[in-house]
Amino acid sequence: MPDPVDPAARDAAEFDSMLSHPVVAPDESAAYGDHPDQVVDFYAPRGGQAGAPLVVVLHGGAWRAPYDRWHVTPFADFLARRGLAVANVEYRRGREIPQQHGSGPVAGRWPETFDDVAALMDALPALARGALPQADVRRIVVTGHSAGGHLALWAAARHVLPVGSPWRLERPPALRGVVALAPIADFAKAVELDVCGGAVTQLLGGEAEFEARSAHADPAALLPTGIATTVVQGRTDIVVPDAVSESYVDAAAKAGETVGLALLEEVGHYPLIDPAADACAVVAEEIAQLAW
């Protein structure tokens, strides 16, 4: 029988629930660059224990300026309450001005969005040692939601970027793993499904740049990574449909790599980062399995 719940109504209710939690202020903050958006907020493990794994959180919002890190502070606090140290990252997104021939702001900035994630990851161990001594920087897990899930996968794949890329690492990053939450993980599939109103094409600077820049930015093209990776995806997600995650997992398999895929029934886009939702506990457990 068809689902009697209207998908758009379900999505709106899940979005409202995710935003219903008050912002949680960080314990410490640090700049990783001169731009106001080049900042990372730290949350200490609520039990006060030392040697806690460090979880890097990259927020979503289609790489667009109106969506910043504050909406995931309840999620960061949720992880901290489960004994994890957390770094909640801000980065440069698309400008506030509306896109031409559209009603919303542009998604992402090329190359600044990628510059920021690379700079943050490179600076993170030193920043965490100073701001969050409880964190064990030898045990880092990167997680991200939606567009942030894309950036989390990308951060773990910099060593397989094309030679000459300004963000390329000569060796794999020192990560315990990645947990990508409803990530925009396969650009071709995302464009095919018009995910987030053309956000992927905007991120790469337009159709003329799409093919060349995808080689430096599309997680599905940056495989295998050799980094333990799990994707958590809601089956009823209408923002980033499960077909995007499944396409990425298939691409990994073709490249000889196994990526874990947790498909959650009756779960949409936003419960993955909503502390009131059961799906958020599933996410925390996937992170803990890699972190500990």
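Let me begin by describing the structure that accompanies this report. Since the structure is predicted, the reported quantities are computational estimates derived from the model, not experimental observations.

Thoughts on unusual backbone geometry
So, point 1. Going from Trp110 to Pro111, the amide bond is cis rather than trans, its omega being 5 degrees.
So, point 2. Inspection of the secondary structure assignment puts Pro111 in the loop between β4 (85-89) and α3 (112-131).
So, point 3. Omega for the peptide link from Leu223 to Pro224 comes to -5 degrees, which places this bond in the cis form.
So, point 4. Relative to the elements of secondary structure, Pro224 occurs in the loop between α7 (207-217) and β7 (229-234).
So, point 5. Of note in the backbone geometry, Ser146 takes a positive phi value of approximately 65 degrees without being a glycine.
So, point 6. Relative to the assigned elements, Ser146 resides in the loop between β5 (135-145) and α4 (147-155).

Observations regarding the packing of helix α2 (residues 73-80) against helix α9 (residues 278-291)
So, point 1. Running from N to C, α2 and α9 cross one another at 55 degrees; their axes reach a closest spacing of 11 Å. Between α2 and α9, the interaxial angle falls into the category oblique. Read as a crossing pair, α2 and α9 show a hand that is right-handed. Where α2 approaches α9, its residues Phe75, Phe78 and Leu79 are matched on the opposing element by Cys280, Ala281, Val283, Ala284 and Ile287.

A look at the pattern of salt bridges
So, point 1. All chains considered together, the criterion is met by 18 salt bridges.
So, point 2. Here Lys189 and Glu192 are joined by a salt bridge, their closest N and O atoms 3.4 Å apart. Here the residue Lys189 and the residue Glu192 both occupy positions in helix α5 (residues 187-192), the gap between them amounting to three residues, near one helical turn.
So, point 3. For Lys189, a relative accessible area of 22% puts it in the partly exposed group.
So, point 4. Judged by relative accessible area, Glu192 falls into the exposed class, the value being 57%.
So, point 5. Across the pair Arg235 and Glu246 runs a salt bridge whose closest N-O atoms are separated by 3.6 Å. Of this pair, Arg235 sits in the loop between β7 and α8 (242-254) while Glu246 sits in helix α8; the two residues are 11 residues apart in sequence, bridging distant segments of the chain.

Quick word on the packing of α3 against α4
So, point 1. Where α3 meets α4, the closest approach of the two axes is 11 Å, and the angle between their N-to-C directions is 55 degrees. Relative to α4, α3 is oriented oblique. Considering how the two elements wind past one another, α3 and α4 form a crossing that is right-handed. Of the residues in α4, those touching α3 at Thr113, Phe114, Val117, Ala118 and Met121 are His150, Leu151, Trp154 and Ala155.
So, point 2. Tallied by class, the residues present in the contact of α3 with α4 amount to seven nonpolar, two polar and no charged.

A look at the sheet that holds strand β8 (residues 260-264)
Paired through backbone hydrogen bonds, the strands of a sheet run either parallel or antiparallel to each other.
So, point 1. Spatially, eight strands are ordered β1-β2-β4-β3-β5-β6-β7-β8 in an open sheet, and the strand pairing comes out mixed. Each edge of the open sheet carries a strand with a single partner, namely β1 (28-31) and β8. Between one strand axis and the next, the sheet turns by 20 degrees as a mean value, whatever way the strands run.
So, point 2. Judged from the five bridges that link them, strand β3 (residues 52-58) and β4 form a sheet pairing that is parallel. Within β4, the residue paired with Leu54 across the bridge is Ala85.
So, point 3. Against the sheet, α9 makes contact with β3, β5, β6 (177-181), β7 and β8, and its axis sits at roughly 165 degrees relative to β6, the strand it touches most.

Each value, and the rule that gives it
Each residue is numbered by its place in its chain's sequence as written, counting from 1. Selection of residues for local features in this predicted model requires a pLDDT of at least 70, selection of side-chain atom pairs for listing and counting requires 80 or more, and totals for whole chains, interfaces and linings are taken over all residues. Heavy atoms throughout the structure, all of them, feed into the side-chain values; hydrogens and water do not. Numbering goes from the N terminus for both helices and strands, where a helix is a DSSP run of H or I of at least four residues and a strand is a run of E of at least two. Here, axes are lines fitted to C-alpha atoms. For helices the fit covers the stretch in contact, and angles between N-to-C directions go from 0 to 180 degrees. Every angle not falling under 35 degrees, over 145, or within 65 to 115 is termed oblique; those three ranges are roughly parallel, roughly antiparallel and roughly perpendicular. By definition, turning the near helix anticlockwise from the far helix through less than a right angle yields a left-handed crossing, and turning it clockwise yields a right-handed one. Any two residues having at least one pair of non-hydrogen atoms within 4.5 Å are treated as being in contact. In the sections that follow, a salt bridge refers to a side-chain nitrogen of Lys or Arg positioned within 4 Å of a carboxyl oxygen of Asp or Glu. Here the term buried applies to any residue with accessible area under 20% of the maximum for its type, exposed to any over 50%, and partly exposed to those in between, with areas from a 1.4 Å probe on protein chains only. Gly is put with the polar residues, along with every residue not named as nonpolar or charged; the nonpolar set is Ala, Val, Leu, Ile, Met, Phe, Trp, Tyr, Cys and Pro, and the charged set is Asp, Glu, Lys and Arg. At least two DSSP bridges between two strands are required for those strands to pair.

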